[in-house]
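# Observations on the model geometry
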Amino acid sequence: MVIVKSSSALNSINFQNPFAFVPTMGNLHEGHLSLIKFAKENYSEVIASIFVNPLQFGKNEDFASYPKTLDKDIEILEDLECNYLFLPEPNFAENLEIINPNFSDVLCGLSRPTHFHGVLTIIDKFLRLIKPNACLFGLKDYQQQLIIRDYVHRKKLRTDIISLPIIRENSGLAMSSRNNYLSKDDREYCGKIYSCIKKTAESLKTSSVKIATKQATDFLQNAGFEMDYLKILDADNLSEISERTNKILIAVAVNYKKVRLIDNILVSL
Ligand code: PAF
C-alpha cells in the first residue's frame, strides 16, 4: 500500500479507473472494513483516507480524545490490499469556506448544529482533490450519506455515492469507533437500542407513528438511555411521514454513560 502524506503527492498518482475512495477518521472497525472489501471487489483500485476532521466536532465534543490507532489501521488496510492510504497534512482543514448542507436541521443536526457543515466541507475538498469514481459510506450515519448524496447531485460532481449496510456487534449494537469508550458488558447491554428499533418497525404495522415513537422512547428511557431523539421520518427527505412516503427511516440517538450512540433502520412500504 502506498501511503500518501500530502495533497500535492496525490496529484501525481495515476489511479486505475474505476477507483473508489473510502474516507475515514481511523480507528478502523468491521464497518470500515466492509467498505474497503466492497471497494476492492467492485473497483480496480481503492484509496482510503484517515483524517480526524476538526471541522465536524462541536466545542464540547471528543475531538482531542478521538481514538487514534494509526499503526493498527495501516496493518488492517495492508491486509485488505488497499492500494493507497491518504494521510492529509494537519492543516488540511484550514482556510476552507464552510459549506451549508441541506437536511441538517433535523436528527443529529439539532444537537450538533455545525457537524454536517464540517463533514460536507471536508468531503467536498476530498472529492475535488481525489476525483474518485465512487465514494463509500456506511448507513449507520444515514443523515451524513443523505446530505453528501444531495450535495454531490446538486453540484453535479462525478462521483457515485455508495451507501453500505450497518455492521453490528454480536449484541446488535451498530459498530462505531465510539463503542471503544464502553466496556464489553455495556456494549452487550446497548444491543437493546437495535432490538428497540426493530420492534418499532414491527409495531408500525399496527400502531401510528406517534404511538410507536412514544413506546420506543419510553422503553429506551426506562432502560437507562439518555435520549437525544427517536424519530420516524420519510427516509428520502427526512420530513414527516406522508402519503408520498415510500421508505421509512427509524433513527435514534442516545447517550449511554456519556457515550453518544446512533442507529437506524429502514422500512420499505
Ligand atoms: O463518517 C466519518 O467517519 C466522517 O464523518 C467522514 C465521512 C470520514 C468525514 O470526516
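Notes on the structure in this doc start here. The written sequence of each chain sets the order in which its residues are numbered from 1. Side-chain atom pairs in this predicted model are given and counted only at pLDDT of 80 or more, local residue features only at pLDDT of at least 70, and totals for whole chains, interfaces and linings cover all residues. Remark: hydrogens and water are excluded; side-chain values derive from all non-hydrogen atoms of the structure.

### Quick word on the overall build of the chain
Across its full length, the chain carries nine helices and nine strands. To get the radius of gyration, use the C-alpha atoms; to get the globule rule, take the number of residues to the power 0.38 and multiply by 2.2 Å. For 269 residues, the compact-globule formula gives about 18 Å, and the C-alpha radius of gyration of the chain, at 19 Å, lands near that figure. Projected onto the principal axes, the alpha-carbon positions of the chain cover approximately 55 × 40 × 35 Å. Residue pairs in contact within the chain that sit at least 24 positions apart in sequence constitute 70% of those at least 6 positions apart. Numbering of helices and strands starts at the N terminus; helices are DSSP runs of H or I of at least 4 residues and strands are runs of E of at least 2. In what follows, residue pairs with any heavy atoms lying within 4.5 Å of each other are defined as contacts.

### Considerations on the packing of aromatic side chains
Here is the rule: rings of Phe, Tyr and Trp (six-membered ring for Trp) pair when centre to centre is within 6.5 Å. Planes less than 30 degrees apart are stacked, more than 60 are edge-to-face, and the remainder are tilted. According to the stated counting rule, one finds 12 aromatic pairs in the structure shown. Judged by centre distance (5.7 Å) and plane angle (75°), the rings of Phe 57 and Tyr 66 are edge-to-face. Residue burial is assigned from relative accessible area. The probe radius is 1.4 Å, only protein chains are included, and a residue is buried under 20% of its type maximum, exposed over 50%, and partly exposed in between. The class for Phe 57 is buried, based on a relative accessible area of 9%. Residue classification places Tyr 66 among the buried residues on the basis of a relative accessible area of 8%. Aromatic side chains Tyr 189 and Phe 225 sit 5.9 Å apart centroid to centroid with 25° between the ring planes, which places their arrangement in the stacked category. With Tyr 189 in helix H7 (residues 184-189) and Phe 225 in the loop between helix H9 (209-222) and strand S7 (226-234), this residue pair connects regions lying 36 residues apart in the sequence.

### Let's talk about helix H2 (residues 30-42)
An ideal rise of 1.5 Å per residue puts 18 Å on 13 residues; H2 measures up with 18 Å between its terminal C-alpha atoms. Taken together, the buried residues of H2 touch strand S2 (19-24), strand S3 (45-50), helix H3 (70-79), strand S5 (134-138) and strand S6 (160-164). A helix's residues, less one, multiplied by 1.5 Å, set its expected span.

### Describing the site of the ligand
If a single non-hydrogen atom of a residue is within 4 Å of a molecule or strand, that residue counts as near it. What surrounds the ligand is the set Pro 23, Thr 24, Met 25, Asn 53, Gln 56, Val 119, Ile 122, Ile 123, Phe 137 and Gln 144. Here Gln 56 contributes a side-chain N or O atom positioned 2.6 Å from an oxygen atom of the ligand. A 3.5 Å cut-off defines polar contacts: any pair of N or O atoms within that distance qualifies, except that in protein one atom must be a possible hydrogen donor and the other a possible acceptor, and neighbouring residues in sequence count only when both atoms are side-chain atoms. In this structure, Gln 144 approaches the ligand through a side-chain N or O atom, which is 2.7 Å from an oxygen atom. In the complex, the protein chains occlude 89% of the 290 Å² of accessible area that the ligand would expose alone. Within the residue set of the shell around the ligand, elements represented by two or more residues are S2 and helix H5 (115-130). Looking at the shell around the ligand element by element, the count peaks at three residues for H5. Counted by class, the shell around the ligand contains six nonpolar, four polar and no charged residues. All accessible areas in this document rest on Shrake-Rupley with a 1.4 Å probe, and a residue is counted as covered only by the protein chains that are shown. When residues are grouped by polarity, Ala, Val, Leu, Ile, Met, Phe, Trp, Tyr, Cys and Pro land in nonpolar, Asp, Glu, Lys and Arg in charged, and all others, Gly among them, in polar.

### Focus on the nonpolar core
Take the buried Ala, Val, Leu, Ile, Met, Phe, Trp, Tyr and Cys residues and link them wherever side-chain atoms come within 4.5 Å; each set so joined is a nonpolar core. Core analysis: the biggest nonpolar cluster contains 44 residues, and Ile 47, Phe 126 and Ile 130 have the highest contact counts within it. Taken together, the elements giving at least two residues each to this core come down to S2, strand S4 (84-86), H5, S5, helix H6 (142-154), S7 and strand S8 (247-256). Of all the elements, H5 adds the most residues to this core, at eight residues. Aside from chain neighbours lying at most four places away, what touches Ile 130 is Leu 10, Phe 15, Phe 19, Phe 21, Ile 47 and Phe 86. Judged by nonpolar contacts, the second largest core, of 25 residues, contains Ala 212, Met 227, Val 254 and Ile 265.

### What to know about the packing of helix H8 (residues 191-203) against H9
Contact pair H8 / H9: the axes reach a minimum separation of 10 Å and the direction vectors enclose 160°. With respect to H9, the element H8 is oriented roughly antiparallel. At the point where H8 passes H9, the crossing takes the right-handed sense. Touching Lys 192, Ile 193, Cys 196, Thr 200 and Ser 203 of H8 are Ala 212, Gln 215, Ala 216, Phe 219 and Leu 220, all from H9. Within the contact of H8 with H9, the residues separate by chemical class into six nonpolar, three polar and one charged. Every axis corresponds to a line fitted to the C-alpha atoms, with the helix fit spanning only the stretch in contact, and the corresponding angles, defined between N-to-C directions, vary from 0 to 180 degrees. If an angle is under 35 degrees, it is roughly parallel; if it is over 145, roughly antiparallel; if it lies from 65 to 115, roughly perpendicular; otherwise it is oblique. The sense of a crossing depends on the near helix, which, turned anticlockwise from the far helix by less than a right angle, makes the crossing left-handed and, turned clockwise, makes it right-handed.

### A closer look at unusual backbone geometry
For the bond from Asn 17 to Pro 18, the omega torsion is -5°, close enough to zero to count as cis. Among the secondary structure elements, Pro 18 is positioned in the loop between helix H1 (7-11) and S2. One non-glycine residue, Phe 103, lies in positive phi territory at about 60°. Tracing the backbone through its elements, the reader meets Phe 103 in the loop between S4 and helix H4 (108-111). With a phi close to 45°, Leu 107 is a non-glycine residue in the positive phi region. Tracing the backbone through its elements, the reader meets Leu 107 in the loop between S4 and H4.

### Thoughts on the state of the cysteines
Here, two cysteine sulfur atoms that lie within 2.5 Å of each other are counted as a disulfide. A complete count under the given rule lists zero disulfides for this structure. With no disulfide of its own, Cys 135 lies 13 Å from the sulfur of Cys 82, the closest cysteine sulfur. Here Cys 196 is not disulfide-linked; the sulfur of Cys 190 is the nearest cysteine sulfur, at 12 Å.

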